[in-house]
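Chain by chain, the residues run as shown.
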Amino acid sequence: MKPVRTVLAEACARWPAGAERARIQPEIWQLACHVLQWPLERLLAHGDTPLDETAVSRLEHLAARRRAGEPLAYLTGETEFWSLPLCVSPAVLVPRPETEILIEQALARMPAGCVARVLDLGTGSGAIALALQRERPHAQIVAVDRQAPALAVAARNARRHGLPVTFLQGHWAAAIAGRSVDMVVSNPPYIEHGDPCLAEAGLCHEPRTALAGGADGLRDLRAVIADAARVLVGGGWLLMEHGNQQGAAVRALLAQAGFGEIGTHKDYAGWERVSGGRHG
Ligand code: GLN
């Protein structure tokens, strides 16, 4: 039986040497922690432990799937967003670090102790709604998705963290049937139809319904803006994530829909990523 350290080194060696291999190494270690159900500290301290055949073949199988482009989060069933460990499955988009910009901007408009009614449209794994609920326990957060399998993942995450978000199935704000809210947040699908990135290894494993935003990528952003204009109270904020080239288009759509105080916030890579405005 080979020591775990050797098995991991051999798995990493299947990636091209250099940057790619350096990037994948921590992921291979995470896969090993998942297979062995060990915390990382144990793996670091006991790299000489011999691995049995079953563990080796499970690890090699997962590493091969990772090489074929499946996101690590689907292989372990787990990811982290806003320091919250979340369950994920191929029914939901893997939450991205840049979406934390949306959380920061929403929280900046929700004072501590606030009891605002917040609507998360297209919640997927529930990441946005759950992060906001964790930070603002008294807010009344409702999260909507059209896809029942996504809502099952989101509800599981809410139970896991004991967070009282209400989940509703439906088409955007139609799900709240005429009620009004103080804030709308959303990370809708926004990738343009035919964008080659949809077919690339990274994204082709994720749900198309969470990624593809119609012919110009703005279809769902338009729908979210129209619905937000309908359900927001006067002075209520809408904040949306969008593609890195969509800032100007989204600001124009917000202006057309009568929003004021329109602004865009950049992500950690310096791209325009989150835009919003205040309902008149
Ligand atoms: N940020 C994701 C990506 O480009 C897309 C998410 C979305 O369409 N809402 O990988």
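Below, the structure is looked at part by part. (Residues numbered from 1 in each chain as written. Predicted model: local features only at pLDDT ≥ 70, side-chain atom pairs only at ≥ 80, totals over all residues. Heavy atoms only, no water.)

1. As for unusual backbone geometry
Phi is positive for Trp82, which is not a glycine, with a value near 50°. In this fold, Trp82 is placed in the loop between β1 (78–81) and β2 (84–87). Backbone geometry at Trp172 places phi at a positive 45°, although glycine is not the residue there. The topology assignment puts Trp172 in the loop between β5 (166–169) and β6 (181–186). (Helix = DSSP H or I, 4+ residues; strand = E, 2+ residues; numbered from the N terminus.)

2. Some points on the side chain of Glu70
Relative to the helices and strands, Glu70 resides in the loop between α4 (53–67) and α5 (72–76). You can call Glu70 buried: its relative accessible area is 17%. Not counting residues within four places of it along the chain, the set of residues in contact with Glu70 comprises Arg65, Leu75 and His205. (Buried < 20%, exposed > 50% of the residue type's maximum accessible area, 1.4 Å probe, protein only. Contact = heavy atoms within 4.5 Å.)

3. What to know about the pairing of strand β9 (residues 272–279)
Within β9, six of the eight residues are buried, which leaves the element mostly enclosed by the surrounding structure. Across five bridges, the pairing between strand β7 (residues 232–241) and β9 is antiparallel. Directly across from Leu238, in β9, lies its bridge partner Gly277. Pairing between strand β8 (residues 259–266) and β9: six bridges, direction antiparallel. In the strand pairing of β9, Gly263 is matched with Gly276. The antiparallel hairpin formed by β8 and β9 contains five residues in its connecting segment, where Gly270 sits at a positive phi of about 90°. (Pairing = 2+ DSSP bridges.)

4. Quick notes on the nonpolar core
In globular proteins that are soluble, nonpolar side chains generally tend to be buried together. The biggest cluster of nonpolar side chains holds 33 residues, and the ones touching the most others in it are Ile103, Val118, Leu130, Leu132, Phe167 and Val185. When contributions to this core are tallied by element, the ones reaching two or more residues are β2, α6 (100–108), α7 (127–135), β4 (140–145), α8 (148–161), β6 and β7. When residues in this core are grouped by element, the largest group, six residues, is from α7. When residues no more than four places from it in sequence are discounted, the contact partners of Leu130 are Leu84, Leu86, Ser125, Ala154, Asn157, Ala158, Leu163, Val165 and Phe167. Counting 29 residues, the second-largest nonpolar core is a separate cluster that includes Leu198, Leu211, Ala212 and Ala228. (Core = buried A, V, L, I, M, F, W, Y, C linked by side-chain atoms within 4.5 Å.)

5. A few points about the site of the ligand
Lining the immediate surroundings of the ligand are Leu93, Arg96, Glu98, Asn187, Pro188, Pro189, Tyr190, Ile191, Leu203, Ala210, Leu211 and Glu241. Interatomic distance of 2.7 Å between a backbone N/O atom of Pro188 and a nitrogen atom of the ligand. Here the ligand, which alone exposes 300 Å², has 88% of that area covered by the protein. Counted by class, the shell around the ligand contains eight nonpolar, one polar and three charged residues. (Near = heavy atom within 4 Å. Polar contact = N/O pair within 3.5 Å; in protein donor to acceptor, adjacent residues only side chain to side chain. Areas by Shrake-Rupley, 256 points an atom, 1.4 Å probe, with all protein chains shown as cover. Nonpolar A, V, L, I, M, F, W, Y, C, P; charged D, E, K, R; others polar.)

6. With respect to the pairing of β6
Within β6, five of the six residues are buried, which leaves it mostly tucked inside the rest of the structure. When strand β3 (residues 117–121) meets β6, the two strands line up parallel, connected through four bridges. By the bridge assignment for β6, Leu119 is matched with Val184. Relative to β7, β6 runs parallel, the two being bridged by five bridges. Within the sheet, the bridge partner assigned to Val184 lies in β7 and is Leu238.

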